[in-house]
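# Structure at a glance
In case you want the letters, here they are:
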Amino acid sequence: MQSTDALMFITTRPEVVFVRGEGSWLYDAQGTKYLDFIQGWAVNALGHSPKIIRDALAEQAAKVINVSPAYYNEPMRKLAGLIARLSGMGKVFFTNSGAEANEGAIKLARKWGSLKKDGAYELLTFENAFHGRTLATMAASGKPQWDKLYAPKLPGFRKLPLNDIEAVRAAIGPKTVGVMLEPIQGESGVVPFTPAFLQDLRRLTEERGLLLILDEIQTGIGRTGTMFGWQQSGVQPDIMTLAKGIGGGVPLGALVAKESVACFEPGDQGGTFNGNPLMTAVGLAVVGEVSRPAFLAQVTENGYYLMTRLRALSKELSLGEVRGQGLLVALELGKPVGSKVVDEALAQHLLINSPRPASLRFMPALNVTPAEIDAMLATLTTVLRKEL
């Protein structure tokens, strides 16, 4: 029996088995080199196996790996303080994943509603949103194919169209506690909320005494060229969730809230591995590196270069829109050949993603080089000319 036979089937995977990674490159068991523009779904902020993460793991593992969540540990305290300072939001609770962070945000909003808004619990979310795979976060998401999966759904979520402030206004009722969204919907194909809508939404939620929750799982930690995606529009949320890039490849997430909203009491929230010193030591190293102004400026510069080159390619091959911010970018293909393009790219030793049948998504390491962007585009051009 092959070793893969013991794995529970959840998705179709290619036969390739990766055994090593370095920066923007992965190597399979035969030593073949692949250029990776997925990076664990925007997880590996600093690329594969960077020295800064290896050193943080080794140094912390030599001290202590895990401490009961009933006690403080030093990396947990330092990372919480850094995130609070960078975000201007006062309280941080660490998780092991983005779904867990979003689950915590939903819990916190409902607890706040029970205390401050006469038991309000309903969250307004958006069509095609993706907030995770727990029962609550799937209910909050707007993926049509999940409508009947794992029924009955957890109640308390109402889906609205994107960038329609009047739809939000009309949907607010006595049980509404807040609004939850991704500044850029990653899984729906890198679809942004406009700055004007976000600014109008912030004003509306403040007028109505509602919480604004921003899911920054994919857009946070430098991905858009600012430390947090909301800094692009200047709209600070009441609650923010982080994961993916915060750990640079290790399982780490965070629920961040303003002090006025952080109303958990003992017993309300917890987790055996949450905030353990090994993972938060890595997070401290990653966030410290990514938050450097020069690093973020390079993300913006390389993101502009990637989008400029993709727009030139789109014009050359008569493709569609290029959209995104920083190093979260999508290319519309104009026809539903995304899966074929992904398969052929893999055959050409390039890893890219097709979140929708007619679109491609690019999520390289935040320290990707212009030369690596050029190499990706050279392969992609060859693939598109073959498949279109």
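Residues numbered from 1 in each chain as written. Predicted model: local features only at pLDDT ≥ 70, side-chain atom pairs only at ≥ 80, totals over all residues. Heavy atoms only, no water.

### Structural notes on the environment of Gly288
Considering the arrangement of structural elements, one finds Gly288 in helix α8 (residues 277-290). Looking at Gly288, the relative accessible area reads 32%, which means it is partly exposed. In this structure, the C-alpha to C-alpha distance between Gly288 and Gly113, residues 175 residues apart in sequence, is 34 Å. (Helix = DSSP H or I, 4+ residues; strand = E, 2+ residues; numbered from the N terminus. Buried < 20%, exposed > 50% of the residue type's maximum accessible area, 1.4 Å probe, protein only.)

### What about helix α10 (residues 338-347)?
Within α10 the residues assigned to the buried category are Gly338, Val341, Glu344 and Ala345. Seen along its axis, α10 keeps its buried residues to an arc of 130 degrees; they face one direction. Every exposed residue of α10 that faces more than 90 degrees away from the buried side is listed here: Lys340 and Asp343. Looking at the buried positions of α10, the neighbouring elements they touch are β15 (350-351), β16 (353-356), β17 (359-362) and α11 (370-387). Note on α10: the residue one or two positions beyond its end, His349, has a positive phi of about 70 degrees. (Arc of directions from axis to C-beta. Contact = heavy atoms within 4.5 Å.)

### A few points about the pairing of strand β14 (residues 328-332)
Most of β14 is tucked away: four of the five residues are buried. In this structure, strand β13 (residues 322-325) lies alongside β14, joined through four bridges in antiparallel fashion. Its bridge partner being in β14, Arg323 is matched across the sheet by Ala330. Between the antiparallel neighbours β13 and β14 lie two residues, among them Gly326 with a positive phi of about 60 degrees. The pairing of β14 with β17 spans four bridges and is antiparallel. Counterpart to Glu332 in the pairing with β17 is Ser359. (Pairing = 2+ DSSP bridges.)

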